[in-house]
Amino acid sequence: MMLTVSGVSKSFGRTPVLEGVSLAVPQGSRTAIVGASGSGKSTLLRLIAGFEQPDAGSIRLGDRTLAAPGTSVPAHRRDIGYVAQDGALFPHLTVAGNIAFGLPRGRGRTRDARVREVMELSALSPDLADRYPHQLSGGQQQRVALARALAPRPGIILLDEPFSALDTGLREQTRRAVIDALERSGITAVLVTHDQDEALSFGHAIGVMVDGRLAQAGAPDAVFDDPETAEIAAFLGPAVLLPASPGDGCVDCAIGRIPLRHDRSNGAVVGFAMVRPAQIDLSTSADAAELNALVREVRPMGPIAEVSLLAGDTDPVLIDVRVPLHQLNGLRPGSRVAVRVDGGAVFYPADEPLELDRVGDEAPHPVGA
Ligand SMILES: Nc1ncnc2c1ncn2[C@@H]1O[C@H](COP(=O)(O)OP(=O)(O)OP(=O)(O)O)[C@@H](O)[C@H]1O
């Protein structure tokens, strides 16, 4: 069902945690809410689930109002499936018992058939039906939690950091199984995560929370490609931010003139050009005039190396890029390289509080990653 959150605000005591959050999740689509710790994303999910009440605004699921001034449907009547970070399975019930828990009593055969159906949907082998939660891996436990949430055919599934307790390999595998199950069941879903890659790969839309506000929402590739602020750009993935000034559809910065992909300047004449490290190409075999940066450090990291570059003559800027080892081509500290950008830059005005590295800073933090 379609979820509509309109102008929702929430404070705990005197501390505002959510301010005027509006969000629409169309029927059958998946939205990931991503934000730094404390940005309010779990609170938003808990308000939708009915574990907390909003101070202002409304929440609707399909044509039902779940929360609004003077109205609050109790959590267990909201027709919502919830998957918590640790799965929260009942330890004394088997896998089948956990999954059947929320199903109506009565016809045993219908319940058994539904349990089998959602186990298959959640990529759980039928052999696991009689096991207890402690006899399962973390990934299997999360898939049981999903199957249990899906079993009563709720109008929407809410997932609160469901993969964060799993280690890297298992997390990836469980994430794919969960997305696949959600896709095949055609259910509306909202995921909350602090992991950018997880959010960007979850589904049809992403919402970025910053300090209790939904700062930007849209299709994952559109938001990643054109973040509204430099802060969102840096939060969503590695970003290289270069002091720059715009003009004629380009920006001028320490590595020369780069085409402007998106202009977020609002008329500002100084600011920052943002490019992703993956857009940067390094070449040592260019003409002397094109050698626009100096290699300061090369740090091997397994199959890749992190290369720190100094670009610009008058006010050099530190740029960090990651290069596959086989593309290093003898790059070492002191080499001069040509830095080329593929695909253009996004320009942001300089009034944003950004900490850029300058050569000679006492404790340099790379601008890119
Ligand atoms: N029940 C509560 N009482 C008081 N303060 C709360 C309560 N729940 C959350 N907060 C505060 O609200 C803010 C937002 O919390 P929330 O859990 O929504 O953030 P989050 O973005 O999900 O962060 P995290 O990823 O760390 O869980 C935090 O400062 C938190 O301490």
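Our subject is the structure that appears above.
Residues numbered from 1 in each chain as written. Predicted model: local features only at pLDDT ≥ 70, side-chain atom pairs only at ≥ 80, totals over all residues. Heavy atoms only, no water.

Visitor: I tried to follow the side chain of glutamine 140 on my own but got confused; where do I start?
Guide: Position of glutamine 140 among the secondary structure elements: in helix α4 (residues 138-150). From its side chain, glutamine 140 meets the backbone nitrogen of serine 137 in a polar contact 2.9 Å long. Setting aside residues up to four positions removed in sequence, glutamine 140 forms contacts with Leu124 and Leu128. (Helix = DSSP H or I, 4+ residues; strand = E, 2+ residues; numbered from the N terminus. Polar contact = N/O pair within 3.5 Å; in protein donor to acceptor, adjacent residues only side chain to side chain. Contact = heavy atoms within 4.5 Å.)

Visitor: Looking at this structure, I do not really get the site of the ligand. What am I missing?
Guide: Taken together, Phe12, Val17, Ala36, Ser37, Gly38, Ser39, Gly40, Lys41, Ser42, Thr43 and Glu161 form the complete shell of residues around the ligand. Between alanine 36 and the ligand, the recorded distance is 3.5 Å, taken from a backbone N or O atom to an oxygen atom. Contacts to the ligand include threonine 43, whose side-chain N or O atom sits 2.5 Å from an oxygen atom. For the shell around the ligand, the leading source of residues is helix α1 (residues 41-49), giving three residues. (Near = heavy atom within 4 Å.)

Visitor: What is the right way to look at the nonpolar core in this model?
Guide: One finds Ile99, Met119, Leu146, Ile157, Leu159, Leu182 and Phe202 to be the most contacted residues of the largest nonpolar core, which totals 42 residues. No other element matches α4, which puts six residues into this core. When near neighbours in sequence (up to four residues on either side) are disregarded, isoleucine 157 contacts Gly81, Val83, Leu146, Ala149, Leu150, Leu182, Ile187, Thr188, Ala189 and Val190. Counting residues in hydrophobic clusters, the runner-up holds 27 residues, among them Ala293, Val321, Val337 and Val339. (Core = buried A, V, L, I, M, F, W, Y, C linked by side-chain atoms within 4.5 Å. Buried < 20%, exposed > 50% of the residue type's maximum accessible area, 1.4 Å probe, protein only.)

Visitor: When you look at the sheet that holds strand β15 (residues 271-275) in this model, what are you seeing that I'm missing?
Guide: Strand pairing in a sheet takes place through backbone hydrogen bonds and is either antiparallel or parallel in direction. Read around the closed barrel, the five strands follow the order β12-β13-β14-β21-β15; overall the barrel is mixed. For this sheet, the mean inter-axis angle between neighbouring strands, taken without regard to orientation, is 55 degrees. Strand direction decides the pairing type here: strand β12 (residues 240-247) and strand β13 (residues 250-253), joined by four bridges, are antiparallel. Within the sheet, the bridge partner assigned to alanine 244 lies in β13 and is cysteine 253. (Pairing = 2+ DSSP bridges. Axes fitted to C-alpha atoms, helices over the stretch in contact; angles between N-to-C directions.)

Visitor: Looking at this structure, I do not really get unusual backbone geometry. What am I missing?
Guide: What you tend to see is this: most non-glycine residues have negative phi, and most peptide bonds are trans. Despite not being glycine, aspartate 79 shows a phi value in the positive range, around 65 degrees. With phi around 50 degrees, aspartate 211 is a residue other than glycine that occupies positive phi space. Tracing the chain through its elements places aspartate 211 in the loop between β10 (205-210) and β11 (213-218).

Visitor: Is there a simple way to explain the pairing of strand β2 (residues 15-25) in this structure?
Guide: For strand β1 (residues 3-12) and β2, the ladder comprises seven bridges, and the chain directions are antiparallel. When the bridges of β2 are listed, valine 8 appears paired with valine 21. Taken together, β1 and the strand that follows it, β2, pair antiparallel across an intervening segment of two residues, in which glycine 13 is found at a positive phi of about 60 degrees.

Visitor: Help me out: how do you make sense of the environment of glycine 81 in this one?
Guide: Tracing the sequence through the fold places glycine 81 in strand β7 (residues 80-83). C-alpha separation for the pair glycine 81 and arginine 148, spaced 67 residues apart in sequence, amounts to 8.3 Å. Setting aside chain neighbours within four positions, we find glycine 81 in contact with Ala149, Pro154, Ile156, Ile157 and Leu158.

Visitor: Help me understand helix α5 (residues 168-185) in this model?
Guide: Structurally, the α-helix is built with 3.6 residues per turn, so residues lying three or four positions apart point the same way. For α5, spanning 18 residues, the distance from its first C-alpha to its last is 26 Å, which sits close to the expected 26 Å at 1.5 Å a residue. Those residues of α5 not exposed but buried are Thr174, Arg175, Ala177, Val178, Ile179, Ala181 and Leu182. A positive phi of about 70 degrees marks glycine 186, the residue just after α5. (Expected span 1.5 Å × (residues − 1).)

Visitor: I would appreciate a short explanation of the packing of α4 against α5 in the present structure.
Guide: Angle between the axes and distance between the axes: these two values describe a pair of packed helices. Close contact between α4 and α5 brings their axes to 9 Å; oriented N to C, the two are set at 15 degrees. Here α4 lies roughly parallel to α5, going by the angle between them. Judged by the twist between their axes, the crossing of α4 over α5 is right-handed. Here α4 contributes Gly138, Gly139, Gln142, Arg143, Leu146 and Leu150 to the contact with α5, which in turn contributes Leu170, Thr174, Ala177, Val178, Ala181, Leu182 and Ser185. Class assignment for the residues of the contact of α4 with α5 results in seven nonpolar, five polar and one charged. (Parallel < 35°, antiparallel > 145°, perpendicular 65-115°, else oblique. Left-handed = near helix turned anticlockwise from the far one by under 90°. Nonpolar A, V, L, I, M, F, W, Y, C, P; charged D, E, K, R; others polar.)

Visitor: Help me understand the sheet that holds β7, please; the structure alone is not making it clear to me.
Guide: Strand order in this open sheet of six strands is β7-β8-β9-β3-β10-β11, and the pairing throughout is mixed. In this open sheet, the two edge strands, each paired with only one partner strand, are β7 and β11. Averaged over all neighbouring strand pairs, the angle between strand axes comes to 20 degrees, with direction disregarded. Pairing analysis gives five bridges linking strand β3 (residues 30-35) to β10, with the strands arranged parallel.

Visitor: Please clarify how the pairing of strand β17 (residues 293-301) should be interpreted in this entry.
Guide: Along a regular strand, successive side chains alternate from one face of the sheet to the other. Relative to strand β18 (residues 304-311), β17 runs antiparallel, the two being bridged by eight bridges. The residue of β18 that forms the bridge with proline 300 is alanine 305. What sits between the antiparallel neighbours β17 and β18 is a turn of two residues, in which glycine 302 has the positive phi angle 65 degrees.

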